[in-house]
Amino acid sequence: TQVLRKSLQRGLVLSTGSFLVYEAHKLIFGFAEVHASFKVEDVIEQADYLYGSGETEKLYRLLVQHKNSDDAELLWRLARASRDLAQLSSTSAEEKKQLTYDSLEYAKKALEKNESNSAAHKWYGICLSDVGDYEGIKTKIGNAVVIKEHFQRAIELNPKDATTIHLIGIWCYSFAEMPWYQRKIAATLFATPPTSTFQEALRYFHMAEEADPNFYSKNLLFLGKTYLKLNNKKMALLWLSKAKEYPAQTEEDKQVQKEALELLNSI
């Protein structure tokens, strides 16, 4: 149930009987084979089933066969799958870097195919931010405005997407806590450097929670962290406790639980 909830909030639509559809495809065509009669809808349905099941490696293997597709729905899912595979602790540093750059290319191609696709904008922003981790703080800060623009465009196209609202909150939080030396870099890159406040970040985190309550462990964690920054310990304890008790289904959830517990012990 929790896996399904998380899948739904990330934009997944599981149709009735999708498990049976997926199993039939697997039996008839074989998992590693791209059959000529496959329709885009069939591949997407298989992909969404695997995503909902947390089968990251199988999902990537399925979608990477379609990396030359012209379909934005397939391409943004491939960008997401590549990034998810890169995030696994079992992925080597070399593979992680390659997957990170690949994911950005897939998201970029998805946007080229359909500029009106909300998920393509979201994943382009996420993947562009990830690439910045390899190219240094100057590039990361330099890309910040573009990243936020893509998140905002994603919300314009899909106002109820809680994860994108959360991501703008993360953007605001990052700039609110930016150390002085990074602010100095930002000042050299922009005539008017991007800034934000913890109050603004908090507003977005609450907006995300209103759009889809309890949808994501990390949103609960950042509500707690932001309240700590604002010296509201009572509210920080409330949200950090929720983050600590969130049912862990992914590696990220487990990391969130660990950080929430550490913060609770420090208060």
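Residues numbered from 1 in each chain as written. Predicted model: local features only at pLDDT ≥ 70, side-chain atom pairs only at ≥ 80, totals over all residues. Heavy atoms only, no water.

Q: Describe the overall build of the chain, and please don't skip the residues or the numbers.
A: If you tally the helices and strands in the chain, you get 15 helices and zero strands. Restricting to contacts in the chain with at least 6 residues of sequence separation, those with at least 24 account for 63%. Here the chain displays about 13,500 Å² of accessible surface, and carbon together with sulfur accounts for 53% of that area. (Helix = DSSP H or I, 4+ residues; strand = E, 2+ residues; numbered from the N terminus. Contact = heavy atoms within 4.5 Å. Areas by Shrake-Rupley, 256 points an atom, 1.4 Å probe, with all protein chains shown as cover.)

Q: How would you sum up the packing of aromatic side chains? Please name residues and give values.
A: All told, the structure shown has seven aromatic pairs when counted by the stated rule. Between Y101 and Y134, the ring centres sit 6.1 Å apart and the planes meet at 45°, which makes this aromatic pair tilted. Here the residue Y101 occupies a position in helix α6 (residues 93-113), and Y134 occupies one in helix α7 (residues 118-135), the gap between them amounting to 33 residues. On the basis of relative accessible area, Y101 is assigned to the partly exposed category, the value being 27%. With a centroid separation of 5.3 Å and 70° between ring planes, the pair formed by Y173 and F198 is classed as edge-to-face. With Y173 in helix α10 (residues 162-176) and F198 in helix α12 (residues 198-211), this pair connects stretches of sequence that are 25 residues apart. Residue Y173 shares its accessibility class with F198, and that shared class is buried. Its end group placed over the ring of F222, K225 keeps NZ or CZ at 4.5 Å from the ring centre. (Phe/Tyr/Trp six-rings, centres within 6.5 Å; stacked < 30°, edge-to-face > 60°. Buried < 20%, exposed > 50% of the residue type's maximum accessible area, 1.4 Å probe, protein only. Lys NZ or Arg CZ within 6 Å of the ring centre and 35° of its normal.)

Q: Provide a residue-level description of unusual backbone geometry, including the pertinent values.
A: For N214, which is not a glycine, the phi torsion comes out positive at approximately 60°. You can see N214 is positioned in the loop between α12 and α13 (217-229). Positive phi outside glycine occurs at N231, with the angle close to 60°. Mapped onto the secondary structure, N231 falls in the loop between α13 and α14 (233-245).

Q: Outline the pattern of salt bridges, listing residues and values.
A: Scanning all chains against the criterion turns up 11 salt bridges. Notably, a salt bridge pairs E115 with R153, separated by 3.3 Å at the nearest N-O pair. Highlighted residues: E115 in the loop between α6 and α7 and R153 in helix α9 (residues 144-157), separated in sequence by 38 residues. In this structure, E177 and K229 form a salt bridge, with 3.6 Å as the shortest nitrogen-oxygen distance. A residue pair is termed long-range when its members are at least 10 positions apart, and E177 in the loop between α10 and α11 (180-189) and K229 in helix α13 qualify at 52 residues. You can call E177 partly exposed: its relative accessible area is 39%. A relative accessible area of 39% places K229 in the partly exposed class. (Salt bridge = Lys/Arg side-chain N within 4 Å of Asp/Glu carboxyl O.)

Q: Break down α7 for me, citing the residues and quoting the values.
A: Residue pairs spaced three or four apart in an α-helix point in one direction, given the helix's 3.6 residues per turn. The end-to-end C-alpha distance of α7, which contains 18 residues, comes to 26 Å, matching closely the 26 Å that a straight helix rising 1.5 Å per residue would cover. α7 sits mainly inside the fold: 14 of its 18 residues count as buried. Among the residues of α7, the N-terminal cap falls to N117, whose side-chain oxygen and the backbone nitrogen of A119 are separated by 3.1 Å. Where α7 ends, the next residue or the one after it, G136, has phi of about 100°, a positive value. (Expected span 1.5 Å × (residues − 1). Polar contact = N/O pair within 3.5 Å; in protein donor to acceptor, adjacent residues only side chain to side chain.)

Q: Provide a residue-level description of the packing of α7 against α9, including the pertinent values.
A: Closest axis-to-axis distance for the α7/α9 pair is 8 Å, and the angle between their directions is 160°. Taken together, α7 and α9 sit at an angle that is classed as roughly antiparallel. As α7 runs across α9, the sense of the crossing is left-handed. Along the contact surface, α7 presents S118, H121, K122, Y124, G125, I126, L128 and S129, while α9 presents V146, I147, H150, F151, R153, A154 and L157. Each residue belonging to the contact of α7 with α9 can be placed in one class, and the counts come to eight nonpolar, five polar and two charged. (Axes fitted to C-alpha atoms, helices over the stretch in contact; angles between N-to-C directions. Parallel < 35°, antiparallel > 145°, perpendicular 65-115°, else oblique. Left-handed = near helix turned anticlockwise from the far one by under 90°. Nonpolar A, V, L, I, M, F, W, Y, C, P; charged D, E, K, R; others polar.)

Q: Tell me about the environment of T164, and please be specific about residues and values.
A: In this fold, T164 is placed in helix α10. A sequence separation of 42 residues divides T164 from K122, and the C-alpha atoms of the two residues are 6.5 Å apart. Among the polar contacts listed, one links the side chain of T164 to the side chain of D161, at a separation of 2.6 Å.

Q: Let's hear about the packing of helix α4 (residues 56-64) against helix α5 (residues 72-87): which residues, and what values?
A: Taken N-terminus to C-terminus, the directions of α4 and α5 make an angle of 140°; their axes are 9 Å apart at the nearest point. The orientation of α4 with respect to α5, classified from their angle, is oblique. You can see that α4 and α5 cross each other, and the crossing is left-handed. Counted together, T56, E57, L59, Y60, L63 and V64 of α4 and L74, R77, L78, A81, S82, D84 and L85 of α5 form the full contact between these two elements.

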